[in-house]
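# Remarks on the overall topology
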Amino acid sequence: MEPARTLLIRHADCVATMDDQRSEWRGASVLVRGNLIDRIIPFGEPLPHADEVIDARHHVVIPGLVNTHHHMVQSLTRAVPQVQNAELFGWLKGLYPIWGKLTPDMVRVSTQVAMAELLLSGCTTSSDHHYIYPNGTRLDDSIDGAQAIGMRFTASRGSMSVGESAGGLPPDAVVEREPDILTDTQRLIEQYHDAAHGSMLHIAVAPCSPFSVSRELMREAALLARDKGVRLHTHLAENDHDIAYTREKFGCTPAQYAQDLGWVGADVWHAHCVKLDTAGIALFAHTGTGVAHCPCSNMRLASGIAPVRKMLNAGVRVGLGVDGSASNDAGHMLAEARQAMLLGRVGRSLDAFGCDHGPSEMTARDVLRLATRGGAQVLGRAHEIGQITPGYCADIAMFRTDTLAMAGAAVHDPVGALLMCAVPQVDHSLVNGRVVVHDGQLTTVDLPALVAQHNRFAKALAEASGA
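All of the points below concern the structure found in this document. Keep in mind it's a predicted model, so treat the numbers as computed, not measured.

### Quick notes on the packing of helix α3 (residues 139-149) against helix α4 (residues 178-192)
The interhelical angle for the contact between α3 and α4, taken along N-to-C directions, is 25°, at an axis separation of 11 Å. Taken as axis vectors, α3 and α4 run roughly parallel relative to one another. Along its contact with α3, which presents Leu 139, Asp 140 and Ile 143, the element α4 presents Arg 187, Leu 188, Gln 191 and Tyr 192. Residues of the contact of α3 with α4, tallied by class, amount to 4 nonpolar, 1 polar and 2 charged.

Here you go:
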């Protein structure tokens, strides 16, 4: 057997490991062997020969960011005029008919566009919650796109089964039969899920929301996920209308709804949780249930400010998510982390007026930890990604410190400057030891051609739906 190929990231301004000691190394180098981090070499120690060398002078090096919630097909419906000012339910009602015209090629290309944006922002692992399957589309289309572009992927098999005629929010034309949902979900797990260390693909079970699936599907989906050893994901407590729907239809709070249906535990993560109450926070902390915090989307849809600091103080597992490209209209993971930091500070100021958002602000390193280790924990991968530590996967992002936006700031604190200053694009990025961004350019796809094709599909989708 040939020895594993080596790559040396040499003489970084700073390597922020996000390890248990929160180590930050000035002038250090990182040796990658195959797909794993081999060691961190302090400044001044002899450097080994390597098959490939990346000069990391004038760079800050961090673990690849981890995105815990997305709807990648929505990149085809960014900035749609009729829903630009809508809240969640109105926004969904305006977009469901458009998404009902999706085709398999549209899903594949939009997945790659969303992943390209994430990769260029320093993100190396992403989940995606795809829950609408018209015109022969399948989750396989998203998986094909991810494998071609080279992103580590948790593909969540979403679903909707309760249409308007049965009291749900989506039109009947875009919901599925529950037996078909469960059958296809099992197929996907058995065909694609890889539980090995360093796996590039996980499958999660993800009925969409309390207002679009039945309680029976939630129960059956949880049983299936646990039988197959995969994770569970859904939306929960996103805004006031979501809370009202759960109370009216089920006579309980969202946290009680989750508990009653078996949707709490270390193998579960919920998106948003903007309106999660004190009892719900305590339940999530006690059971190890995770949360995907999506600050930009929550503001864009006027949903509110999630009580993230209160969650963290209670011991809840929290990661960050960019959410859908039509409710955020962007997919820059480092920008999402910056927004989480700023929104956490706004939340603190609102406490003086009786708003319950937690007792202290978020620091730059707090949110960087959420965007790396927090996301890894929420996705069940804390033992293999989210930090630069020997034996972990070589998922690494490198940002320049000699730019106009970082002028002055990088001299004082290059790690903090990533979050405090204008948000940069990544300069180099590795996924599983493979260079997928080099000198700011994607190495795995022809980005201009991809964007042009995506725009053609976006136009065709709008024309087909009359948008």
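### A look at helix α15 (residues 447-465)
An α-helix turns once every 3.6 residues. As a result, residues three or four positions apart point the same way. Across its 19 residues, α15 extends 27 Å between first and last C-alpha, which sits within 8% of the 27 Å expected from 1.5 Å per residue. Taken together, the buried positions of α15 are occupied by Leu 450, His 454, Phe 457, Ala 458 and Leu 461. Buried residues of α15 fall within an arc of 105° about the axis and therefore sit on the same side. Residues of α15 that are exposed and point more than 90 degrees away from the buried face comprise Pro 448, Arg 456, Lys 459 and Glu 463. Those residues of α15 that are buried are in contact with α1 (88-99) and α2 (104-119). Just past α15, the residue Gly 466 takes up positive phi, approximately 75°.

### Thoughts on the state of the cysteines
Applying the stated rule across the entire model yields 0 disulfides. Take Cys 294: it sits in no disulfide, and the sulfur closest to it among the cysteines is that of Cys 296, at 9.3 Å. For Cys 294, a relative accessible area of 0% puts it in the buried group. We classify Cys 296 as buried; its relative accessible area is 17%.

### Topic: the pairing of strand β5 (residues 36-41)
As paired strands, strand β4 (residues 29-33) and β5 are joined by 5 bridges and run antiparallel to one another. Pairing of Arg 33 across the sheet is with Leu 36, part of β5. Once β4 ends, the chain turns through 2 residues before running back antiparallel as β5, passing Gly 34 with a positive phi of about 65°.

### Things to note about the pattern of salt bridges
Scanning the model with the defined rule gives 24 salt bridges in all. For Arg 300, the salt bridge identified is with Asp 329, shortest N-O distance 2.6 Å. A residue pair is termed long-range when its members are at least 10 positions apart, and Arg 300 in helix α9 (residues 295-300) and Asp 329 in the loop between β15 (317-320) and α11 (333-351) qualify at 29 residues. Note on Asp 329: relative accessible area 24%, which makes it partly exposed.

### So, α4
Taking 1.5 Å as the rise per residue, α4 with 15 residues should run 21 Å; its terminal C-alpha atoms sit 21 Å apart, in good agreement. Buried within α4 we find Ile 181, Asp 184, Thr 185, Leu 188, Ile 189 and Tyr 192. Seen along its axis, α4 keeps its buried residues to an arc of 140°; they face one direction. Away from its buried face by more than 90 degrees, α4 exposes Thr 183 and Glu 190. Against the buried residues of α4 lie α3, β10 (152-159), β11 (201-207) and α5 (215-228).

### Observations concerning the sheet that holds strand β17 (residues 428-431)
With respect to topology, 7 strands assemble into an open sheet ordered β3-β2-β7-β16-β17-β18-β19, the strand pairing being mixed. Because the sheet does not close on itself, it has two edges, and the strands there are β3 (24-26) and β19 (441-442).

### A closer look at the pairing of β11
A large share of β11 lies buried, amounting to 7 of its 7 residues. Burial along β11 is two-sided: Leu 201, Ile 203, Val 205 and Pro 207 and His 202, Ala 204 and Ala 206, pointing in opposite directions, are all buried. Following the backbone out of β10, through α4 and into the adjacent parallel β11, one traces a crossover that is right-handed. Two elements, β11 and strand β12 (residues 231-236), share 2 bridges in a ladder whose sense is parallel.

### Quick word on the environment of Pro 254
Relative to the helices and strands, Pro 254 is located in helix α7 (residues 254-260). Classification of Pro 254 as buried rests on a relative accessible area of 7%. Sequence-wise, Pro 254 and Val 308 are 54 residues apart; in three dimensions their C-alpha atoms are separated by 17 Å. Apart from the residues within four sequence positions on either side, Pro 254 is in contact with Leu 236, Ala 237, Ile 243 and Thr 246.

### Quick notes on the sheet that holds strand β6 (residues 52-55)
Spatially, 4 strands are ordered β5-β4-β1-β6 in an open sheet, and the strand pairing comes out mixed. Two strands bound the open sheet, and with one partner strand each, they are β5 and β6. Taking each pair of neighbouring strands and ignoring which way they run, the sheet shows an average axis angle of 20°. Bridging between strand β1 (residues 6-10) and β6 involves 4 bridges; their strand directions are parallel. Within β6, the position partnered with Ile 9 by the bridge is Ile 54.

How each quantity is defined
Residues numbered from 1 in each chain as written. Predicted model: local features only at pLDDT ≥ 70, side-chain atom pairs only at ≥ 80, totals over all residues. Heavy atoms only, no water. Axes fitted to C-alpha atoms, helices over the stretch in contact; angles between N-to-C directions. Helix = DSSP H or I, 4+ residues; strand = E, 2+ residues; numbered from the N terminus. Parallel < 35°, antiparallel > 145°, perpendicular 65-115°, else oblique. Contact = heavy atoms within 4.5 Å. Nonpolar A, V, L, I, M, F, W, Y, C, P; charged D, E, K, R; others polar. Expected span 1.5 Å × (residues − 1). Buried < 20%, exposed > 50% of the residue type's maximum accessible area, 1.4 Å probe, protein only. Arc of directions from axis to C-beta. Disulfide = S-S within 2.5 Å. Pairing = 2+ DSSP bridges. Salt bridge = Lys/Arg side-chain N within 4 Å of Asp/Glu carboxyl O. Right-handed = clockwise from strand over helix to strand, strands pointing away.

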